[in-house]
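# Per-entry structural report
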Amino acid sequence: MNVVIRPDDASVTEAAYALVRDRLANRHCRVFGLPTGQTPRKLYSAMVAGYRRGELDFDTVQTFNLDEYLGLDAGHPGSFRHFMEVNLFAHVNIRSENIHFLDGLPEDIQAECHRYEWLIRECGGIDLQILGIGADGHIGFNEPTSSLASRTRDKTLTPRTILDNRGAFANEEEVPRWALTMGVGTILEAREILLLATGGSKAEAVAAMVEGPVTAMCTASVLQMHPRVTVILDEAAAARLQCDEYYRWMNENDPHLAAYLDARRQRYGRHTQPGNAS
Ligand code: F6R
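Residues numbered from 1 in each chain as written. Predicted model: local features only at pLDDT ≥ 70, side-chain atom pairs only at ≥ 80, totals over all residues. Heavy atoms only, no water.

### Description of the environment of Arg52
Inspection of the secondary structure puts Arg52 in helix α2 (residues 41-52). For Arg52, a relative accessible area of 62% puts it in the exposed group. It is 8.7 Å that separates the C-alpha atoms of Arg52 and His91, two residues lying 39 residues apart in sequence. (Helix = DSSP H or I, 4+ residues; strand = E, 2+ residues; numbered from the N terminus. Buried < 20%, exposed > 50% of the residue type's maximum accessible area, 1.4 Å probe, protein only.)

Structure (structure tokens):
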């Protein structure tokens, strides 16, 4: 796991945007998994601004959102589909047929979840999965005790998640109790993962994810098993990490390692990649 600590929210966005811009420039990186929520809002604004500056092109990009509330239609202002339209899709050149969502009003829940898994495979799998993290350590809506091998399915939200997500609704009562979500196993199949966390309310979950045991009580902790994960945090979200000095040291030294490997490559003509990130 490559843990990057930045002073504040704005510099988390900057670092995340730089990574996304780099991956979007690679024609082999075309399928993106996307989260909703407060955390990625600023990244999406940065992506819209980058598109307007001509830095990003979404023409051949496919997206899969992580989750959707059960019982809401796509046009509902609290739906994740609506969130994505308002914050990203309406402002960039993504093709509507390349935007993929779980249907919040499916006739058959199981068939809908199978359709989504099938479609992800049909598109060649997810190249970059972007994630936020819940205060209880969830990724997607994989709440504590979710199977670490789970696939896309329906999930009951915890009272805490319902409370945390009440912002898009008139009151807590209106927040749906259930959602469809990619499973932990589905998320782990992405080729690369970028997780963002900001603010002190995430500090405990971040520490459990990065330094705790791998456990279904904090489903994000399973990212320790993935070979290519970057976690970008602000100081507040990093506050409970025990090895924070090491992560900072590593971030400072990474450019030197890259320069050293470059020099060796030039001298010996071998292709050597930095390997210590994970
Ligand atoms: C949303 C999602 C969730 C959120 C998490 C953090 O699509 O998958 O896992 O990423 O609940 O939400 P915020 O960013 O609102 O704190």
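### Some words on α2
Between its terminal C-alpha atoms α2 stretches 17 Å, which fits the 16 Å expected from 12 residues at 1.5 Å a residue. Turning to α2, its buried residues are Leu43, Tyr44, Ala46, Met47, Val48 and Gly50. Once α2 ends, the next one or two residues include Gly54, with phi positive near 85°. (Expected span 1.5 Å × (residues − 1).)

### Points about the sheet that holds strand β3 (residues 62-65)
Across the sheet, seven strands lie side by side as β1-β10-β9-β6-β2-β3-β5; this open sheet has parallel pairing. A strand with exactly one partner marks an edge of an open sheet, and here the two such strands are β1 (2-6) and β5 (99-100). In terms of strand pairing, β3 meets β5 through two bridges, oriented parallel. Its bridge partner being in β5, Thr63 is matched across the sheet by Ile99. (Pairing = 2+ DSSP bridges.)

### What to know about the sheet that holds strand β7 (residues 153-156)
Strand order in the open sheet formed by three strands is β4-β8-β7, with antiparallel pairing between adjacent strands. Each having just a single partner strand, β4 (67-69) and β7 make up the two edges of the open sheet. Sheet twist, expressed as the mean angle between neighbouring strand axes with direction ignored, is 30°. Pairing of β4 with strand β8 (residues 178-181), which is carried by three bridges, proceeds in the antiparallel orientation. If you follow Tyr69 over to β8, its bridge partner there is Ala179. (Axes fitted to C-alpha atoms, helices over the stretch in contact; angles between N-to-C directions.)

### What about helix α3 (residues 80-87)?
Looking only at α3, the buried set comprises Phe80, Phe83, Met84 and Asn87. Projected down its long axis, α3 shows its buried positions confined to an angular sector of 95°, all on one face. Where α3 is buried, its residues contact β2 (31-34), α2, β3 and β4. (Arc of directions from axis to C-beta. Contact = heavy atoms within 4.5 Å.)

### Quick look at the site of the ligand
In the vicinity of the ligand there are 13 residues, among which Thr39, Asp67, His138, Gly140 and Lys202 approach most closely. Side-chain polar atom of His138 to an oxygen atom of the ligand: 2.7 Å apart, as the coordinates give it. For the ligand, an oxygen atom lies 2.7 Å from a polar atom in the backbone of Gly140. Coverage of the ligand by the protein chains reaches 90% of its 410 Å² of free accessible surface. (Near = heavy atom within 4 Å. Polar contact = N/O pair within 3.5 Å; in protein donor to acceptor, adjacent residues only side chain to side chain. Areas by Shrake-Rupley, 256 points an atom, 1.4 Å probe, with all protein chains shown as cover.)

### Thoughts on the pattern of salt bridges
A side chain of one charge can pair with a side chain of the opposite charge if their charged atoms are brought near each other. Scanning all chains against the criterion turns up 17 salt bridges. Between Asp59 and Arg95 there is a salt bridge, with its nearest N and O atoms 3.0 Å apart. One end of the pair, Asp59, is in the loop between α2 and β3; the other, Arg95, is in the loop between α3 and β5, with 36 residues separating them in the sequence. On the basis of relative accessibility, which here comes to 28%, the residue Asp59 falls in the partly exposed class. Through salt bridges with shared partners, a single ionic network connects Asp22, Arg23, Glu192 and Arg228. (Salt bridge = Lys/Arg side-chain N within 4 Å of Asp/Glu carboxyl O.)

### Points about the state of the cysteines
Per the stated rule, a full pass over the model turns up zero disulfides. For Cys29, which is in no disulfide, the shortest distance to another cysteine sulfur is to Cys123 and amounts to 13 Å. In this structure Cys29 comes out as buried when scored by relative accessible area, which is 7%. (Disulfide = S-S within 2.5 Å.)

### Concerning the nonpolar core
Core analysis: the biggest nonpolar cluster contains 41 residues, and Met47, Leu88 and Leu194 have the highest contact counts within it. When residues of this core are traced back to their parent elements, those giving at least two are α1 (9-24), β2, α2, α3, β6 (128-131) and β9 (192-197). Here this core takes seven residues from α1, the largest share from any one element. Counting residues in each nonpolar core, the second largest holds 39 residues, with Met1, Val3, Met182 and Val231 among its members. (Core = buried A, V, L, I, M, F, W, Y, C linked by side-chain atoms within 4.5 Å.)

### A few points about the side chain of Thr36
By the secondary structure assignment, Thr36 is in the loop between β2 and α2. On the basis of relative accessibility, which here comes to 14%, the residue Thr36 falls in the buried class. The contact partners of Thr36, leaving out residues within four places of it in the chain, are Asn65, Asp67, Phe80, Phe83 and Met84.

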